[in-house]
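Summary of the model geometry
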Amino acid sequence: MASRILIVEDSPLITEAFSILFRESGYDVDVAGTVAQAVEAATTRPADLILLDISLPDGDGLDVLEQLRERNAFPRVALAMTGHGDSRSRQKCLDAGCADVLLKPVRIGDLLRQIEHLLA
Amino acid sequence: MSMKQQVSDAALTKRLNALEAKAREAQKTIDELRSRDALKTQFLSNISHDLRTPLAAIITHAEILRDGMLGELNQKQRDSVTGIVNGGQQLLDMIDEILTYVRSSGDQVPLVCTEFSIAEVVDQVRLLNQSLAAKKHITLERTNGDDLPLVYADRDKIKHIFANLIGNAIKFTGDGGRAWVSFSRRGADENELLVEVGDNGRGIARDHYELVFREFAQVDASPSRPHHGTGLGLAIARRLVELHHGRIWVESELGKGSRFFFTLPLDVPRE
């Protein structure tokens, strides 16, 4: 069965691009644009990997991970994406349980290789 | 009191009042300009941030096409789509530079200081620039610095200074040239670190020593100039050095190369 990726990102432009990318690479794809939607999606349709934008309209992307942890629904792998790469916000993501923090825009070759490696 | 003195006192009071009113007016103008400047900075920051998202989507879509994920492209199609990716990436770098400039130019820029090896930071930036340097057969080396004490500074910002200086060195040095970073210590107690980022590239005329550090200034600003950029790289570097209470300057000779220097205090109290 194909692995499921949940894309948490508030820009439809980005979710659409990533949806095409992951579907064409053989993954099942779910999308959420807010913290609330992401928690709902991840608890009803558990994802193997969550790709998480850090700034969301209703809160911090890391809130999603915290709420999922409380509900015992933490995904196998969480990857954070951020627009700026300062080391303080990076450390915050790693502390919250993210496997890595990617700087937007993510090079698709690197992203696919990393996801394949993390889900292997 | 004589009549004459009464008149001159009254005239003096009147003049004083007028001056005070003028001073209040000037202060009001200053406040207004400051708040407009802050608004403009905020606007620039917001717009730069908002430009990133659609641009990131464009680059991702173009990469999907380029990599043949939606079907194989012929060579001409692939070249064209590669052009979209590269152009998008260049535009994104420029937006990021503007964002960095805006974020480092406010009144209150926080420094997140830690202890780290500055030589290690230089090596990281060298690694990031290696392929660019290799393309032009430029040797990019760090000549010393293994035995330096740890510096106490904002690592991301110091890295940014090196990225801009080393990036420039490669940009303005011809095929087969040389660029280097070296360190020395100065001051009575050797409590100041002097960093040099040098190259044997095209150099800068003495008249332009100050100009290159000015915002949006480019020595060659013609539309046909070979090197495009925001003209913010050195202004950012200067700003970031000054935030660390250091100084930055250039020594250069046209046709022979440039040596950029900056200082960092080594005796910063640890918090």
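Quick note: structure is the one above.
The structure presented is a predicted model; accordingly, all values stated were derived computationally and were not measured. (Residues numbered from 1 in each chain as written. Chains lettered and ligands numbered in written order. Predicted model: local features only at pLDDT ≥ 70, side-chain atom pairs only at ≥ 80, totals over all residues. Heavy atoms only, no water.)

With that out of the way, let us pick up the sheet that holds strand β6 (residues 248-253) of chain B. Strand pairing in a sheet is mediated by backbone hydrogen bonds. Such pairs are either parallel or antiparallel. All names here are of chain B. Taken in spatial order, the five strands make up an open sheet running β2-β4-β5-β7-β6, and their pairing is mixed. Strand pairing shows two members of the sheet lacking a second neighbour, β2 (139-142) and β6, which therefore form its edges. On average, adjacent strands in this sheet sit at an angle of 20° to one another, irrespective of strand direction. Note: β6 against strand β7 (residues 257-265), six bridges, orientation antiparallel. Residue pairing for β7: Ile248 is matched across the bridge by Phe262. Sheet strands touched by helix α3 (residues 118-135): β2, β4 (178-186), β5 (192-199) and β7. Its angle to β2, the strand with the most contacts, is close to 175°. (Pairing = 2+ DSSP bridges. Helix = DSSP H or I, 4+ residues; strand = E, 2+ residues; numbered from the N terminus. Axes fitted to C-alpha atoms, helices over the stretch in contact; angles between N-to-C directions. Contact = heavy atoms within 4.5 Å.)

When we look at a pair of aromatic rings, we describe it by the centre distance and by the angle of the planes. This structure, assessed with the given rule, holds five aromatic pairs over all chains. Their ring planes at 15° and their centres at 5.8 Å tell us that A:Phe18 and A:Phe22 sit as a pair that is stacked. One end of the pair is A:Phe18 and the other is A:Phe22, both in helix α1 (residues 12-24) and four residues apart, which spans about a single turn. A:Phe18 sits in the buried class, given a relative accessible area of 3%. A:Phe22 sits in the buried class, given a relative accessible area of 0%. Between B:Phe213 and B:Phe260 the ring centres are 6.0 Å apart and the planes differ by 80°, which places this aromatic pair in the edge-to-face class. Separated by 47 residues along the polypeptide, B:Phe213 in the loop between β5 and α5 (233-243) and B:Phe260 in strand β7 bring together distant segments of the chain. Taken together, the aromatic side chains of A:Phe18, A:Phe22 and A:Tyr27 make up a single cluster linked through ring pairs. The ring of A:Phe74 has A:Arg69 sitting right over it, with the charged end atom 4.4 Å from the ring centre. (Phe/Tyr/Trp six-rings, centres within 6.5 Å; stacked < 30°, edge-to-face > 60°. Buried < 20%, exposed > 50% of the residue type's maximum accessible area, 1.4 Å probe, protein only. Lys NZ or Arg CZ within 6 Å of the ring centre and 35° of its normal.)

Our focus in this paragraph is the interface of chain B and chain A. Contacts between the two partners involve 19 residues from chain B and, on the opposite side, 21 residues from chain A. Across the chain B/chain A interface, buried area totals approximately 1700 Å², and carbon plus sulfur atoms make up 66% of it. The tally of links between chain B and chain A comes to one salt bridge. B:Glu63 is the partner of A:Arg107 in a salt bridge, and the nearest nitrogen-oxygen pair spans 3.2 Å. Our enumeration of links across chain B and chain A arrives at two residue pairs in polar contact (both at pLDDT 80 or more). Within the residue set of the side of chain B that touches chain A, elements represented by two or more residues are α1 (3-66) and α2 (75-104) of chain B. For the side of chain B that touches chain A, the element with the most residues is α1(B), which contributes 10 residues. For the side of chain B that touches chain A, the per-class residue count stands at 10 nonpolar, four polar and five charged. (Buried area = accessible area lost by both parts, 1.4 Å probe. Salt bridge = Lys/Arg side-chain N within 4 Å of Asp/Glu carboxyl O. Polar contact = N/O pair within 3.5 Å; in protein donor to acceptor, adjacent residues only side chain to side chain. Nonpolar A, V, L, I, M, F, W, Y, C, P; charged D, E, K, R; others polar.)

Opposite charge on two side chains permits them to pair, given that their charged atoms come into close proximity. All names here are of chain B. This model, assessed by the stated rule, comprises 22 salt bridges over all chains. One salt bridge in this structure joins Glu32 and Arg36, with 3.0 Å as the shortest N-O distance. Remark: Arg36 and Glu32 occur in helix α1; sequence separation between them is four residues, near one turn of the helix. Take Arg36: its relative accessible area is 53%, and that puts it in the exposed class.

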